[in-house]
Amino acid sequence: MEAERDDAAEPGTVVTPSAEFPPLGVGERAALGRLGTRWHGPRGAGDLPVDPTLGRRGQPPRPTRFGRLAPIDLFTVAQPDELVATGPAYLPGSRAGRAVARVRRTLVGPPLASSSVLYERMRKLVALPVLSSDLLSSVAYGPEAMLAVLVLAGGAALGLALPLAALLAVLMVAVGLSYRQTIPAYPHGAGSYLVAGDNLGRTAGLAAAAGLMLDYVLTVSVSVAAGVHAVTSALPGFTRWTVPLGVLVIAVLLAGNLRGVRTAGNIFVLPTYAFVVVVLAVLAVGYAKAAARGFAPVPPPAVPAAEGLGLLLVLRAFSSGAVSMTGIEAVSNAVPAFRPTEWRNARTTLGWMVAMLVTLFAGLVGLIHLDGLVPRADETLLSQLGRVTFPTGPGYAILQATTALILLLAANTAFNDFPRLLFFMARDGHAPRRFLHMGDRLAFSNGLVALALAAATVLVAFGGHTQTLIPLYAVGVFLAFTLSQTGMVVHWRRRRGRGWRRRLAVNAVGAALSGLVLLTAAVAKFTEGAWVVVVAVPLLVLLFRRIHRHYATLHRALALHPPPPGAPPGPAGSAEGEELPQQLRHLVIVPVARLNRASLRALAYAASLGRPTLAVHIAPEEAEADRFRDQWRAWGDHLRLETIVSPYRSVIGPLAHYLEALHAAGPELTLTVIVPEVVLRRRRHRLLHSRAEQRLRAALRALPGVVVTSVPVHVSQ
């Protein structure tokens, strides 16, 4: 019901292409207005020497640069003085660049307009397989992970699988109900990160984000490793190619997701639904066979005990089986990816996901118990179950094929949520702002590439072994579960809306059970690899806070600080502190190595600005300095010249120190360094030149109050 939605939540979404251009705050807008009243400068299109509309009627300009740039057509739209760039404007200038662009568009597809962002969202029937592929695929290895721990205590311990599976089913339902309440309360997405940060503080939110990020990276690695294992179980000859095959699958998933949310969703719909149908068929046939023998369990083979059966081993088995829940938070993180009404469609999809998860997980554990199967190193439990259920016919091959596909494509859930989480973190200044950018296909391309690189690194580092990766799995995701549900408890206590006690109780149960699994996994699997996550989470939180500190410092440095009303519009008095044109005092400096067309054009450009201008020449010895001064006088001595003798023949260092000394003598000055630059058409010719202007630009970039610009002279040969 609509009334169930939290009144505090606002409709809509903040996931738009304009998110990387945040608007000014109220204070900055006021400061901008105060600055505008003191601004004295040219205004109006009539002050420009060309028509800024580029001749909206008639033949548009067709600019070229050495004939390498494609013609660009710019045309107006409904609003006046607004131009829209067409497709050719995005093509690179070089022939090689255009070839790469054509290949990229073949793989990824043509670019989508920003206005298409609404049409890139998913309907429920597409969102269900896209966002549930991780959750549902985990039933292919979750039961096996639990039984692999129990079997260490011998075949008799396998009887504990049924009560543990029942407890896990309760946990799945509790966490699922908790996230169903989170979705309408926080309809903008970001899930655990936003909920924990909003209710428990910034550090808790960052810890939840760190746990989720590790979970998403491991989701890709574990899912791909498990999928490749399913292939090698049926085709043992490919075992030695496990790691290369895994990396190839990650690359294919990256390419598919770079094509956009909607396209990627359409690609991954069929494998997920096929897997669900085939597993349901396995359960139906398997339980029918069990019913024919009166549901009498087949005795499992004798397995010697490697460890004693104790509480710690049972808790380890429980936490290993809990990896079947990874991905249950995916919907709450991706609410803006749904079609309107976003939160309602997301909540419905989550309900379907949890129901399917409980059915498949409990059904598989029960059938494995009835068939007396035990984990083996050379074959997965699901493969064994398929051989027993379908001893003849194509059933086993279909099961293995769909299992491999769902496991390989389960990583798609992480490819949907990881970039979106980075988007929200970047919006808050806790991640690099480049993750706000939407690519050509309205996908968060930078986040997708980052996830693919991290997952491939983990896969290679662990040799593609699923059982080696799983101990790292549960800690991060259940940390996010626990913090999210605890945050929702605080949320309901603060809001106290209609039915808040019932909602608080649901989230409290989810938080308690998730916290129990988190504690169990961290302690029981600490020495097996969980220590990596325990150490990585605080390190990531520290990194996020450092990034936020940098952006906060940058914001303070770039914020508008107009002079108080009535203050005289004089010089700012410090380097780079000017915000009004009348505050700037200029000194233009032109480094001149020799008097040729490039340097004379730079001198002419500097003189045309009408500001005080100084030419500087660096000479290796007195004789060269005298010769240059003589040439300068022959030119006419139109500008002040300063020569610097560099007896050690260095040019960049003495010039940079000289400019720094000039700035120290007049800190209120803005030094504009105009560098003559010869631009060569052919790249191979650049090796024949020293490129001193680029080295000078790099040396001067660190000096405050110094503006470096270049005056190019193009050589067409």
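The model shown is predicted, which means the values in this text are computed figures rather than measured ones.

(A) Focus on a nonpolar patch on the surface. Together, F526, W531, V532, V534, V535 and L539 make up an exposed nonpolar region whose accessible area comes to about 500 Å². Mapped onto the elements of the fold, F526 is located in helix 20 (residues 526–558).

(B) Highlighting the side chain of T520. Residue placement: T520 occurs in helix 19 (residues 500–524). Polar contacts involving the side chain of T520 include one to the main-chain carbonyl oxygen of L516, which spans 2.7 Å. Excluding residues within four positions of it along the chain, T520 makes contact with L315, R316, S319 and K525.

(C) A look at the pairing of strand 3 (residues 585–591). Along strand 3, five of the seven residues are buried, which leaves the element largely enclosed by surrounding structure. Where strand 3 and strand 4 (residues 613–619) come together, four bridges link them in parallel fashion. Looking at strand 4, one finds that I589 is bridged to L614. In this fold, the crossover linking strand 3 to strand 4 by way of helix 21 (residues 597–608) has right-handed handedness.

(D) Empty space enclosed by the protein, seen in detail. One pass over the full model with this rule turns up two cavities of 30 Å³ or more. Estimated volume of the second largest cavity: approximately 50 Å³. Put simply, the parts of the chain that give the lining of the second largest cavity at least two residues each are helix 4 (142–150), helix 12 (342–371) and helix 13 (381–389). Of the residues forming the lining of the second largest cavity, the biggest block, three residues, is contributed by helix 13. The residue inventory of the lining of the second largest cavity, partitioned by class, reads eight nonpolar, no polar and one charged.

(E) Main features of the packing of helix 12 against helix 13. In contact at an axis separation of 11 Å, helix 12 and helix 13 are set at 60° when each is read in the N-to-C sense. Of the two possible hands of crossing, helix 12 and helix 13 adopt the one that is left-handed. Between helix 12, through L364, L367, I368 and D371, and helix 13, the contact on the second element is made entirely by L381, L382, L385 and V388. Each residue belonging to the contact of helix 12 with helix 13 can be placed in one class, and the counts come to seven nonpolar, no polar and one charged.

(F) Geometry of the packing of helix 8 (residues 242–258) against helix 16 (residues 445–461). Running from N to C, helix 8 and helix 16 point in directions that differ by 170°, and their axes come no closer than 10 Å. One finds that helix 8 runs roughly antiparallel with respect to helix 16. Here V243, G246, V247, I250, L254, N257 and L258 of helix 8 come into contact with helix 16, specifically with S445, L448, V449, A452, A455, A456, L459 and V460. The class makeup of the residues in the contact of helix 8 with helix 16 is twelve nonpolar, three polar and no charged.

(G) Summary view of the packing of aromatic side chains. A full pass over the atoms with the stated rule returns seven aromatic pairs. Geometrically, the ring pair formed by F423 and F444 is tilted, given 5.0 Å between the ring centres and 40° between the ring planes. With F423 in helix 15 (residues 411–427) and F444 in the loop between helix 15 and helix 16, this residue pair connects regions lying 21 residues apart in the sequence. Just as F423 is buried, F444 falls in that class too.

(H) Here's a closer look at the sheet that holds strand 6 (residues 669–680). Pairing is parallel in the open sheet, where five strands are placed in the order 5-4-3-6-7. The sheet terminates laterally at strand 5 (640–645) and strand 7 (706–715), the two strands that pair on one side only. Adjacent strand axes in the sheet meet at a mean angle of 25°, parallel and antiparallel pairs treated alike. As defined by bridge partners, strand 4 adjoins strand 5 across six bridges and the pair is classed as parallel. Following the sheet pairing, L614 is matched in strand 5 by R640. Sitting on the sheet, helix 25 (residues 692–700) is in contact with strand 3, strand 6 and strand 7, with an inclination near 155° to strand 6.

(I) The arrangement of helix 4 in detail. Within helix 4, eight of the nine residues are buried, which leaves it mostly tucked inside the rest of the structure. Within helix 4, burial applies to G142, P143, E144, A145, M146, L147, V149 and L150. Where the residues of helix 4 are buried, they touch helix 5 (161–185), helix 10 (311–321), helix 12 and helix 13.

(J) Spatial organisation of helix 3 (residues 124–137). Between the first and last C-alpha of helix 3 there are 19 Å, a value that for 14 residues agrees with the 20 Å anticipated at 1.5 Å per step. Of all the bends found along helix 3, the most pronounced is centred on L131 and spans about 45°. Across the 14 residues that make up helix 3, a large majority, twelve, are buried. Within helix 3 the residues assigned to the buried category are V126, A127, L128, P129, V130, L131, S132, S133, D134, L135, L136 and S137.

Calculation criteria
- Counting from 1, residues in each chain are numbered in the order their sequence is written.
- Given that the model is predicted, a residue must reach a pLDDT of at least 70 before its local features are reported, and side-chain atom pairs must reach 80 or more before they are shown or counted; all residues, however, enter totals for whole chains, interfaces and linings.
- Neither water nor hydrogens contribute to the side-chain values; these are computed over all heavy atoms in the structure.
- The patch calculation keeps residues exceeding 30% relative accessible area without a salt bridge and links them within 9 Å when they carry like charges or within 5 Å when they are nonpolar (Val, Leu, Ile, Met, Phe, Trp, Tyr).
- All accessibility values rest on the Shrake-Rupley procedure with a 1.4 Å probe; residue burial counts only the protein chains present in the view.
- Should a side-chain nitrogen of Lys or Arg be within 4 Å of a carboxyl oxygen of Asp or Glu, the pair is scored as a salt bridge.
- To qualify as a helix, a DSSP run of H or I must reach at least 4 residues; to qualify as a strand, a run of E must reach at least 2; elements of each kind are numbered from the N terminus.
- Under this definition, polar contacts are N or O atom pairs within 3.5 Å; protein pairs additionally need one hydrogen-donor-capable and one acceptor-capable atom, and for neighbouring residues in sequence, both atoms have to be side-chain atoms.
- The contact criterion used throughout is that any non-hydrogen atoms of two residues lie within 4.5 Å.
- In this scheme, a residue with accessible area under 20% of its type's maximum is buried, one over 50% is exposed, and one in between is partly exposed, where area comes from a 1.4 Å probe on protein chains only.
- Should DSSP find at least two bridges between two strands, the strands are regarded as paired.
- Call a crossover right-handed when, viewed with both strands pointing away from you, the route from the first strand across the helix to the second goes clockwise.
- The distinction between a cavity and a pocket rests on a 1 Å grid over the protein atoms alone: a 1.4 Å probe fits inside a cavity but cannot get out, while a pocket stays open yet meets protein on both sides within 12 Å along at least five of seven lines, and a residue with an atom within 4 Å of a point counts as lining.
- Grid points are joined across faces, edges and corners, and a volume is the space filled by probe spheres set on the points.
- Nonpolar residues are Ala, Val, Leu, Ile, Met, Phe, Trp, Tyr, Cys and Pro. Charged residues are Asp, Glu, Lys and Arg, and all others, Gly as well, are polar.
- For helices, the axis comes from a line fit to the C-alpha atoms of the stretch in contact; other axes are also lines fit to C-alpha atoms, and the angle between any two N-to-C directions lies between 0 and 180 degrees.
- Rotating anticlockwise by less than a right angle from the far helix to the near helix defines a left-handed crossing, while the corresponding clockwise rotation defines a right-handed one.
- Note on angle classes: values under 35 degrees are labelled roughly parallel, values over 145 roughly antiparallel, values of 65 to 115 roughly perpendicular, and the remainder oblique.
- Two rings from Phe, Tyr or Trp (for Trp, the six-membered ring) form a pair when their centres sit within 6.5 Å of each other. Planes less than 30 degrees apart are called stacked, planes more than 60 degrees apart edge-to-face, and all others tilted.
- Multiplying 1.5 Å by the helix residue count minus one yields the expected span of that helix.
- At every residue, the bend is computed as the angle between two fitted axes, covering the seven residues ending there and the seven beginning there respectively.

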